[in-house]
Amino acid sequence: MNKTAITAAPIMPVLADRWSPRSFDANYKLSQHELLSILEAARWAPSANNGQPWRFAVVNRGEELFDKVATEGLSGFNQAWAPKSSTLVIVSIQTKTADGKENKSAHYDAGLSVSNLVIQAHELGLHAHQIGGFVPDALRSILELDEDLSPIVVVAIGKVAPAEQLEGPAYEREIQPRTRLELDEIVLHGKP
């Protein structure tokens, strides 16, 4: 399925073509090379004071932890489609800095890291879908996360599959065209 963005100015193809499917090929498994490449891209994201407050828990389909994360850690209809992805990456942030203060830039920095992860996955011919519907306490327990780590997103990664394998609202969302607010709506000052 092609969902190339219609843009007001040319952008890199990897950005224009990236989208977040829910329909994944349940037979595809990420190779070690693909996973390493994706995580390496995330590692090299910029961060405030080079703090790198992101932490990743990687679980692959076929592993016991994958099943627990998919069934107990995800919420709502994410439990129906996410188990067909190859890998789930649970992204957490360090809530405190080294000196014990609140880590105010952690969410922003982790977002930059996840953006690199998602773009690298697409560059490799894979797709990623960021999931906000999860149960933080369940993920903390399943993954035995340290007290100072807070899960902020789960990213499903794999090869896209035909939308027809989905049903109902998931199918309807899958076939919708990609949309974004116009630049006039999001640029408050200095509009081009």
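Anything mentioned here points back to the structure above.
Reading the values: the criteria
- Residues numbered from 1 in each chain as written.
- Predicted model: local features only at pLDDT ≥ 70, side-chain atom pairs only at ≥ 80, totals over all residues.
- Heavy atoms only, no water.
- Core = buried A, V, L, I, M, F, W, Y, C linked by side-chain atoms within 4.5 Å.
- Buried < 20%, exposed > 50% of the residue type's maximum accessible area, 1.4 Å probe, protein only.
- Helix = DSSP H or I, 4+ residues; strand = E, 2+ residues; numbered from the N terminus.
- Contact = heavy atoms within 4.5 Å.
- 1 Å grid on protein atoms, 1.4 Å probe; cavity = no way out; pocket = protein on both sides within 12 Å on 5 of 7 lines; lining within 4 Å.
- Points joined across faces, edges and corners; volume = space filled by probe spheres on them.
- Nonpolar A, V, L, I, M, F, W, Y, C, P; charged D, E, K, R; others polar.
- Pairing = 2+ DSSP bridges.
- Axes fitted to C-alpha atoms, helices over the stretch in contact; angles between N-to-C directions.

## As for the nonpolar core
Within the largest apolar cluster, 21 residues are counted, with the highest numbers of intra-cluster contacts made by V69, L88, I90 and V154. Within the residue set of this core, elements represented by two or more residues are β1 (54-60), α3 (64-73), β2 (87-94), α6 (136-143) and β4 (149-158). Among the elements that take part in this core, α6 stands out by supplying 4 residues, more than any other. Excluding residues within four positions of it along the chain, V69 makes contact with V59, L74, L88, I90, L139, I142 and L143. Grouped together as the second largest cluster of nonpolar side chains are 15 residues, I38, V91, V118 and I157 included.

## So, the layout of surface pockets
By volume, the largest pocket is sized at about 660 Å³. Considering the residues around the largest pocket, the lining is formed by 18 residues, among which A5, I6, T7, A8 and R180 are closest to the centre. Grouping the constituent residues of the lining of the largest pocket by class yields 10 nonpolar, 3 polar and 5 charged. For the second largest pocket, the calculated volume is near 250 Å³. Along the wall of the second largest pocket there are 13 residues; nearest its centre are K3, W19, S20, R173 and R178. Its residues assigned to classes, the lining of the second largest pocket comprises 2 nonpolar, 4 polar and 7 charged.

## Here's the deal with the sheet that holds strand β3 (residues 127-131)
Pairing is antiparallel in the open sheet, where 4 strands are placed in the order β1-β2-β4-β3. In the strand order of this sheet, the two ends are held by β1 and β3, each with one partner. Neighbouring strand axes in the sheet, compared pairwise and without regard to direction, differ in orientation by 25 degrees on average. Here β1 pairs with β2 via 7 bridges, running antiparallel. Paired with N60 across the bridge in β2 is T87. Across the sheet, helix α2 (residues 32-43) lies against β1, β2 and β4, angled at about 165 degrees from β1, the strand it touches most. Against the sheet, α6 contacts β1, β2 and β4, and its axis sits at roughly 85 degrees relative to β4.

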